[in-house]
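Architecture at a glance
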Amino acid sequence: RGVHWQMADPSISIRRRLLRSERISTENRRNRQGFQHFDLTEDIINQQFMENSKAPLLPIYDIPDLGFLKYLSVEMNDACPLTQIHDKCPRNHDRFQDKEDYGILTEQEMCEWIDLCISYGFKGLITLHNYNEPMSTRDIVKRMVTRYPNRISLWTSGILFRSTNEDQYIIENCHDVMISRYDGIEICQNVKLMFDAFPNVKQQKYELDNRAYEVLKITDNQPMSSKLCTRPDWEIILNNRGYINMCCGDWRGDIEIGNIKVDEPHTLLHRWNIKRQEINRGIFPDTCLDCLAKGTPI
């Protein structure tokens, strides 16, 4: 129907398409061999332009093969049992005070995002963590490890685990389960024994950091890290409200990428990749400058 680049401008389209109409051979015209030029007129072409004048341009996406990513991180819910003992955690602050609230991420939205990234070549681990406790939505975790066997890296405080067949099934089908141990958090003896039975369960002690209050002001005389940030080359984060983050350090979401609840997902991957390329070239948002000036391992 001629709806390709020839439709970019009426004068080009009319001239080229009418000339092609005149070039149809006698045999092709007699046998109607062909499709778009036999009955064409200038009025028909102009009418096509009028009908499509308000059609949006197709976006051009810059989305790489995501095989280089190590992690696709998902914050599953808005619950964390550690907030009572860790008042300086970002979870005790309004992370979304300047953001539109589109509601908590649904399981379907989560999986559609993961599947899209897999379709672009992602082969790494799907990490269920950020500022939340995944096991507070145990049923979703169970379905996730069934849907993506041996690809889930489950990060949890461990205190919601039970020594049941259901929780053993979850552990068995995870690639690994990382138990974040904090001072003052105890796990019951039966659960400890269950953890010891699985080689893919790892426990690591963490300090309750002061992240929510660590805001460093950059000055002209402050030395910057000699390293460039590699984090965007190994992780994409989806938080519990559907926003895409470049790094868990940007817990306020200052680096704008978008939200899977309202933005076209290919557009989000495109924006993330453009920002990733900028950071790779040393073009850092202000949020990144804080991290680099502190000498944070990156």
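How each quantity is defined
- Residues numbered from 1 in each chain as written.
- Predicted model: local features only at pLDDT ≥ 70, side-chain atom pairs only at ≥ 80, totals over all residues.
- Heavy atoms only, no water.
- Axes fitted to C-alpha atoms, helices over the stretch in contact; angles between N-to-C directions.
- Helix = DSSP H or I, 4+ residues; strand = E, 2+ residues; numbered from the N terminus.
- Parallel < 35°, antiparallel > 145°, perpendicular 65-115°, else oblique.
- Left-handed = near helix turned anticlockwise from the far one by under 90°.
- Contact = heavy atoms within 4.5 Å.
- Nonpolar A, V, L, I, M, F, W, Y, C, P; charged D, E, K, R; others polar.
- Buried < 20%, exposed > 50% of the residue type's maximum accessible area, 1.4 Å probe, protein only.
- Polar contact = N/O pair within 3.5 Å; in protein donor to acceptor, adjacent residues only side chain to side chain.
- Salt bridge = Lys/Arg side-chain N within 4 Å of Asp/Glu carboxyl O.
- Core = buried A, V, L, I, M, F, W, Y, C linked by side-chain atoms within 4.5 Å.
- Phe/Tyr/Trp six-rings, centres within 6.5 Å; stacked < 30°, edge-to-face > 60°.
- Lys NZ or Arg CZ within 6 Å of the ring centre and 35° of its normal.
- Pairing = 2+ DSSP bridges.
- Right-handed = clockwise from strand over helix to strand, strands pointing away.

Attention now goes to the packing of helix α4 (residues 107-119) against helix α5 (residues 138-147). Taken N-terminus to C-terminus, the directions of α4 and α5 make an angle of 25°; their axes are 12 Å apart at the nearest point. Considering the angle they form, α4 stands roughly parallel to α5. The hand of the α4/α5 crossing is right-handed. Residues Glu-107, Met-110, Cys-111, Ile-114 and Asp-115 of α4 form the contact with α5, whose own contacting residues are Ile-140, Arg-143, Met-144 and Arg-147. Of the residues in the contact of α4 with α5, the class split is 5 nonpolar, no polar and 4 charged.

Turning next to the side chain of Asn-200. As for its placement among the helices and strands, Asn-200 is situated in the loop between α7 (189-196) and β5 (201-205). For Asn-200, a relative accessible area of 15% translates into the label buried. A distance of 2.9 Å separates a polar atom in the side chain of Asn-200 from the backbone oxygen of Ile-171.

This paragraph deals with the pattern of salt bridges. Across all of its chains, the model carries 13 salt bridges by this definition. We note a salt bridge from Arg-95 to Glu-75, for which the minimum N-O separation is 3.1 Å. Remark: Glu-75 occurs in the loop between β1 (71-74) and α4 and Arg-95 occurs in the loop between β1 and α4; sequence separation between them is 20 residues. In this structure, Arg-95 and Glu-75 share a single accessibility class: buried. One continuous salt-bridge network, built from bridges that share partners, spans Asp-78, Asp-101 and Arg-241.

Here we take up the nonpolar core. Counting 51 residues, the largest nonpolar core has Trp-113, Leu-128, Met-144, Ile-152, Leu-154, Phe-161 and Phe-195 as its most contacted members. Excluding residues within four positions of it along the chain, Trp-113 makes contact with Leu-72, Ile-236, Leu-238, Ile-244, Ile-260, Pro-265, Leu-268 and Leu-269.

Turning our eyes to something else, we now look at the packing of aromatic side chains. Within this structure, the stated rule accounts for 5 aromatic pairs. On the basis of an interplanar angle of 10° and a centroid distance of 6.5 Å, the ring pair of Phe-68 and Trp-272 is categorised as stacked. Of this pair, Phe-68 sits in the loop between α3 (42-52) and β1 while Trp-272 sits in helix α8 (residues 265-280), and the two are 204 residues apart along the sequence. Judged by its relative accessible area of 32%, Phe-68 is partly exposed. Between the aromatic rings of Tyr-71 and Trp-234, the centroid separation amounts to 6.0 Å while the plane-to-plane angle is 80°, which identifies the pairing as edge-to-face. Linking Tyr-71 in strand β1 with Trp-234 in the loop between β5 and β6 (235-238), this pair joins segments that are 163 residues apart in sequence. By relative accessible area, which is 28% here, Tyr-71 ends up partly exposed. Ring-pair connections join several aromatic residues into one group, and the members of that group are Phe-96, Tyr-102 and Tyr-243. Its guanidinium or amino end placed over the ring of Tyr-243, Lys-99 lies 5.5 Å from that ring's centre, counting from NZ or CZ.

Whether parallel or antiparallel, the strands of a sheet pair through hydrogen bonds between backbone atoms. Read from one edge to the other, the open sheet built from 7 strands follows the order β5-β4-β3-β2-β1-β6-β7, with strand pairing classed as mixed. Of all strands in the sheet, those with a lone pairing partner are β5 and β7 (244-245), marking the two edges. Sheet analysis places strand β2 (residues 125-128) next to strand β3 (residues 152-156), joined by 3 bridges and oriented parallel. Residue pairing for β3: Thr-127 is matched across the bridge by Ser-153.

The next thing to look at is the pairing of β5. Bridging between strand β4 (residues 176-181) and β5 involves 5 bridges; their strand directions are parallel. Pairing of Arg-181 across the sheet is with Lys-205, part of β5. Note that the unit made of β4, α7 and β5 has a crossover that is right-handed.

What follows covers the packing of α4 against α8. Axis separation between α4 and α8 bottoms out at 11 Å; the angle between their running directions is 60°. With respect to α8, the element α4 is oriented oblique. Relative to α8, the crossing made by α4 is right-handed. Each of Trp-113, Leu-116 and Cys-117 in α4 lies in contact with α8, whose residues at this interface are Pro-265, His-266, Leu-268 and Leu-269. In the contact of α4 with α8, the residues fall into 6 nonpolar, 1 polar and no charged.

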